[in-house]
Amino acid sequence: MFPVDVDEIDSDKIIVEGKVVDKSGQALPGVTVIVRGTILGAVTDAEGNFSLNVIKTPAILEFSFVGMESQTVTYTEKQFLIVTMNQLSRNIDEVIVVAYGTQSASSLTGSVQAFNQRQLANVTSPHLLNQLQGEATGVLVSSSSGTPGEKPSLRIRGEGSINYTNEPLWVVDGVIFGTTSPDINPNDIESVSVLKDAAAAALYGSRASNGVIMVRTKTGKINSSSFNLKTSTGITQVNHGNLTLMNGQELYDYVMSMDGDKLPGQFPPANSENVINGVDWQDIAFQNGIVHDYNLSYSGGNEKTMLYTSLGYFNEDGAARGHQWEKFSGRVNLDYKASDKLKLILKVEGIFQNNFNNENDLVFGSYVLLPWDNPYFSDGTIKVGRTEADGVKWYSRNQGNPLYEMQYNYIKSRSTQYMNDVGVEYKLTDWLTFVSNNRIKTRTSRFEQLSDSRTPDGEADSGILYNAYGYTRDLSTSNVLRFNREYTDHSVFGIVAYEYTQSYIDGMNGEGKGIYPSLEILNGASESKSIGGSKSKSAFLSILSNVQYVYKNKYMMQLSYRRDGSSRFGANQRFGDFYSVGTSWIVTKEDFMQSLGFVNNLKLRLSYGSVGNANIADYVALGLYNMTVQYNGEPGGFPRRLPNPDLTWESNKNFNFGIDTRLFDRVNITVDAYDKRTDNLLQDVPLPLVTGFYWYTDNVGSIQNRGLEFSLETEIVKSSPFLWNTSLNMSFNKNKVLKLNDGKDISKGTKIIREGWDINTWYMRKWAGVNPSDGNPLWEKVTTAEDGTKIIEKTSKYSEATLQNMDSSSPKFFGGFMNTFVYKQFKLDANFNFVYGNKIYHLLRESLDNDGAYPTYNAIKLPDGWSRWEKPGDIATHPRPVLLGNKLSNKPSSRYLEDGSYLRLNYLSLSYSIPVKWVHKVGLNRAELKLAGENLWTLTNFSGMDPEVGIQGYGGTLYPVTRKYIFGVEVNF
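Residues numbered from 1 in each chain as written. Predicted model: local features only at pLDDT ≥ 70, side-chain atom pairs only at ≥ 80, totals over all residues. Heavy atoms only, no water.

The name an unreviewed UniProt entry assigns to the protein chain is TonB-dependent receptor plug domain-containing protein, from the organism Draconibacterium sediminis. Quoted verbatim from the Sequence similarities (unreviewed entry) heading of the UniProt record, the comment on the protein chain is "Belongs to the TonB-dependent receptor family." Regarding the protein chain, the UniProt comment filed under Subcellular location (unreviewed entry) reads as follows: "Cell outer membrane". (UniProt positions renumbered as here; feature names shortened; annotations may be inferred.)

Looking now at the domain arrangement of the protein chain. Here the domain parsing of the protein chain yields domain 1 (14–84), domain 2 (95–225) and domain 3 (231–288 + 813–861 + 886–972). Facing 9 residues of domain 1, the contacting portion of domain 2 comprises 7 residues. Of the roughly 570 Å² buried where domain 1 meets domain 2, counting both sides, 60% is carbon and sulfur surface. Seen at the junction of domain 1 and domain 2, the total is 0 salt bridges. Counting the contacts that link domain 1 with domain 2 gives 0 residue pairs in polar contact (both at pLDDT 80 or more). Of all the secondary-structure elements, those providing two or more residues to the side of domain 1 that touches domain 2 are β2 (32–35) and β3 (41–43). Considering only residue class, the side of domain 1 that touches domain 2 consists of 6 nonpolar, 3 polar and no charged. (Domains from an automatic or database assignment. Contact = heavy atoms within 4.5 Å. Buried area = accessible area lost by both parts, 1.4 Å probe. Salt bridge = Lys/Arg side-chain N within 4 Å of Asp/Glu carboxyl O. Polar contact = N/O pair within 3.5 Å; in protein donor to acceptor, adjacent residues only side chain to side chain. Helix = DSSP H or I, 4+ residues; strand = E, 2+ residues; numbered from the N terminus. Nonpolar A, V, L, I, M, F, W, Y, C, P; charged D, E, K, R; others polar.)

We now examine the pattern of salt bridges. When charged atoms on two side chains of opposite charge get close, those side chains can pair. The full count for this structure, using the stated rule, is 43 salt bridges. Arg439 is the partner of Asp421 in a salt bridge, and the nearest nitrogen-oxygen pair spans 2.7 Å. Placement of the pair is Asp421 in strand β22 (residues 410–427) and Arg439 in strand β23 (residues 432–451), with a sequence separation of 18 residues. Arg439 matches Asp421 in its accessibility class, with the two residues each being buried. (Buried < 20%, exposed > 50% of the residue type's maximum accessible area, 1.4 Å probe, protein only.)

Our next topic: the side chain of Thr750. One can find Thr750 in the loop between β38 (746–748) and β39 (751–753). Residue class for Thr750 comes out buried when judged on its relative accessible area of 15%.

What follows covers the pairing of strand β9 (residues 101–104). Side chains Gly101 and Gln103 of β9 all project onto a buried face; the interleaved residues Thr102 and Ser104 project onto the opposite face, where all are buried too. Note that strand β8 (residues 95–98) and β9 share 4 bridges and pair antiparallel. When the sheet's bridge partners are listed, Ile96 is paired in β9 with Gln103. With antiparallel pairing between neighbouring strands as the criterion, β8 and β9 make up a hairpin whose turn holds 2 residues, including Tyr100 at a positive phi of roughly 60 degrees. (Pairing = 2+ DSSP bridges.)

Turning next to unusual backbone geometry. A positive phi angle, near 60 degrees, is found at Asn680, a position not held by glycine. Counting through the fold element by element, Asn680 comes out in the loop between β33 (667–679) and β34 (682–686). Residues other than glycine seldom take positive phi values, yet Asp742 does so here, at roughly 55 degrees. Examined against the element boundaries, Asp742 turns out to sit in the loop between β37 (722–739) and β38.

According to the stated counting rule, one finds 33 aromatic pairs in the structure shown. Aromatic pair Tyr404 and Tyr408: ring centres 5.4 Å apart, planes at 65 degrees, arrangement edge-to-face. According to the relative accessible area criterion, Tyr404 is buried, its value standing at 13%. Joined through ring pairs, the aromatic side chains of Tyr252, Phe267, Trp372 and Tyr395 make up one cluster. (Phe/Tyr/Trp six-rings, centres within 6.5 Å; stacked < 30°, edge-to-face > 60°.)

Here we take up a nonpolar patch on the surface. Taken together, the side chains of Val547, Met557, Leu559, Tyr561, Tyr579, Val581, Leu606, Tyr608, Phe655 and Phe657 present a nonpolar region at the surface, about 800 Å² in accessible area. Here the element with the most residues in the nonpolar patch is strand β27 (residues 555–566); it accounts for 3 residues. Val547 sits in the partly exposed class, given a relative accessible area of 32%. (Patch = residues over 30% accessible without salt bridge, like charges linked within 9 Å, V, L, I, M, F, W, Y side chains within 5 Å. Areas by Shrake-Rupley, 256 points an atom, 1.4 Å probe, with all protein chains shown as cover.)

To continue, consider the confidence of the model for the protein chain. Taken residue by residue, the protein chain gives an average pLDDT of 89. The fraction at 70 or more is 96%. In the model of the protein chain, β8 stands out as the element of lowest mean pLDDT, 74, in contrast to strand β40 (residues 761–765), which has the highest, 97. Within the model, the stretch residues 1–11 combines pLDDT values under 50 with 32 contacts to residues more than four positions away or in other chains. (pLDDT = per-residue confidence, 0-100.)

Right, let's talk about the environment of Gly775 for a bit. With respect to the helices and strands, the residue Gly775 is situated in the loop between β41 (767–770) and β42 (777–784). Since its relative accessible area comes to 0%, Gly775 is described here as buried. Considered as a pair, Gly775 and Tyr471 are 304 residues apart in the sequence and their alpha carbons are 58 Å apart. If we ignore the near neighbours within four places in the chain, the residues touching Gly775 are Val770, Trp869, Pro879, Arg880 and Asn886.

Within the open sheet, the 5 strands sit side by side as β10-β15-β16-β13-β14. Their pairing is mixed. Of all strands in the sheet, those bounded by a partner on one side alone are β10 (112–116) and β14 (175–178). Between one strand axis and the next, the sheet turns by 25 degrees as a mean value, whatever way the strands run. With 6 bridges joining them, strand β15 (residues 189–195) and strand β16 (residues 212–217) adopt antiparallel strand pairing. The residue of β16 that forms the bridge with Val192 is Val215. (Axes fitted to C-alpha atoms, helices over the stretch in contact; angles between N-to-C directions.)

Reading across from one edge, β4-β1-β7 is the order of the 3 strands in this open sheet, with mixed pairing throughout. Strand pairing shows two members of the sheet lacking a second neighbour, β4 (49–54) and β7 (80–85), which therefore form its edges. Adjacent strand axes in the sheet meet at a mean angle of 30 degrees when their direction is disregarded. Here strand β1 (residues 14–22) pairs with β7 via 6 bridges, running parallel. Following the sheet pairing, Val21 is matched in β7 by Thr84.

Within the element layout of this structure, Asn656 appears in strand β32 (residues 650–663). Given a relative accessible area of 1%, Asn656 falls into the buried group. There is a polar contact of 2.8 Å between the side chain of Asn656 and the side chain of Asp672. The contact partners of Asn656, leaving out residues within four places of it in the chain, are Ser111, Arg157, Asp197, Arg605, Leu606, Ser607, Asp672, Ala673 and Tyr674.

Tracing the backbone through its elements, the reader meets Val835 in strand β46 (residues 826–836). By relative accessible area, Val835 is classed as buried at 10%. In sequence terms Val835 and Leu903 are 68 residues apart; their C-alpha atoms lie 6.8 Å from each other. Dropping the residues within four chain positions of it, Val835 is found in contact with Leu140, Pro811, Phe813, Phe814, Ser901 and Tyr902.

Here helix α3 (residues 248–256) has its buried residues at Gly248, Leu251, Tyr252, Tyr254 and Val255. Buried residues of α3, viewed axially, fall in a sector of 165 degrees; they line one side. (Arc of directions from axis to C-beta.)

Burial along strand β11 (residues 139–142) is two-sided: the face carrying Val139 and Val141 and the face carrying Leu140 and Ser142 are both buried. Two strands pair when backbone bridges link them, and β11 and strand β12 (residues 153–156) are joined in this way by 4 bridges, in the antiparallel orientation. By the bridge assignment, Val141 is partnered in β12 with Leu154.

Next comes the structure, spelled out in structure tokens:
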């Protein structure tokens, strides 16, 4: 429920003292103790002791601690209290962050999954998204690269848009942030809530179609004062997986088996140094990267003021040479109780990021460059990588040595962002509170790229320098009236709110040529190559309301309504209405359930509602002119886009049914089934060229996502000193395109969007293997007889092969399972995540498994179970290798589609909490040591380096996801 403050009364106070312990009798430091109905409170010290004042007796004391069940104790007389707290297993009365407030889990009608700071503390990543991987049901997190600083992609319950983002909406400290995941230091986060259905997310209306992620940052604690220092250092390594490249001798033998001597001078002589002692380009490109993460925070407060402040620094030198990324962060969260009715809130965050990349395609080169090409001369100097420049043969197809270009060419960027929140909470009555949150968020960025005149990339233009600058500013205000009335059997609570958001973006870029070496400024260019700029502005205006009724704490109903207005849509459709209705029933509170003692909790949830997707570009609905042309030295323009005054939101109708249960006081089970249909999809509709326009944007199309989510949490061993908890979650989603413009397909290279199919369907020629008689490639050719019967034949002509549905890059299901073992001061966490049933197009094999098409590229060594055709009668997986190619066998087809399923040990850590009696001797409250590893082991049939290639499913020459080994120390003082 929404919290309601009550008056603080100044009078004579009674001292209450006590101690808080766990079930084993061990002291619990850091437990928050609050006197119900007041702001009086305390925090237990390192020995679990506390002391506080109460106004009168009896007094109700509330004890709360992360990871433990909250306790309520009535203090009636002068006595020393001993309070025992039990480990939390998603208690039904746990308070979690939801839209525009907090609620107890028991009163929820929607599908919400919450995580506290301890659950998020495992993965040593600067990005919150990595910490959700494998943890949240219905949430697919996938990284396409291990590049330092790169964020993973996220999908909640499938994809519902074709042309615009499928990323969820982020809300930070009660104010809408946007669809780009925030760069908040994960150590500053108190909790995260994932809102998945309409009942949970409808209050965010037009921007909630892809789900909502709520982030709450930390605040100071009453009657406490402590610093926390958390440091970690480690190494990162590339996971080579199942991919192995040929060495110099193996590649030479392979090329010669294709009559390579028919191309004289293209390959080194037999038994030459180049062949016998070939170069390992992978060893040159990759290294042991270094990771440093330092965080210092202070938390404290009294009855008037609560303060949390932090400084963070993260630095990573990549596992691929030439990549460096660093991030500085700082935060101040201040809560000040000006009076019994008024509280002022200030939150200030600053983040600076700096990225440097002079890799110069070394990662790509590590796959394709020939082991015959040594990047160094015998005296250690670096070759240019071109035969005419070096005076020695450079055999690789790519005429260029990345190590040479690394000396001069680079890409670097930096950004600075500030987020400043000012909030007010004013208690109008004991049941009505006004809350206003206001934010200004700014970001400035600079990008620079140099192609030096001494390198092949810059030689033709005598050097190229590109600069770009960007600025964004978001202004937001959220003003909420919260009400809460409770009676004996009834309670009603809810909100009425008004919001306004304005966004502004501008940028400029320029490119010059003729740059003198080491003169890296644009006005040093001899000639302008290009110049550009942009400006954009948009606004949202919203009113919303929510009301929830609870009867006897077992029947709940919730109604939500939001009306959004956006400048992005057509003049006739600027406003849209969004709603939801949700109900829940705690069955175990019925009399007929009392005989079933093993069922501790059983709750049913049902909801339906509508949300929308407003994440489109600015001015899409307007008729525009292109004003970037000139004629005879004069500025000019021409019509570029037709207006659509009826352009409106992508709308999402969402049904959800859920069950929450707890059995035997140690097993939690949650099941959700959902049906999510998105209509009015925004598409670019093609127009006849005679109109003078290529397309206009309209609302046409529908997509459906249906799925089932399951989570299981068990407390296998609960007796001290040994504890063992496990959890398992699985998510199934079926995507289907229901309608497109005039039923016309949308071709996307090797994919297609077609009515009745998954949005991520692969559409290509179907590989039919190798002809045993001659070793030529085979594909399927499908024709239709007069009677409608399909006739399937095999052909060696690529042009005759039929394009077909070859499954999807969408997984059939995904999830994770976690184990936590605790023995005295030791704790072991093992987290696995898995993905099943998705298809990866292994793009890299087109180049490195090409049957001789590119003899001046390196080639992969065939894994066990794969074979090449050598003689008539051979049953082989690979065609006969032919110099310069065998009948286009390496062109796109299902030959390179592979099973992307995997099981991964995502995180393993062993931590040791140093006994309190030891740390006290050196003036500390607590101390912990930790050894951890990430991405340690992967079980997969994928032939590449790593099966986690991103949601789109292309496995190319990417910087693979890395393996990490981390040592960390955390102390509190």
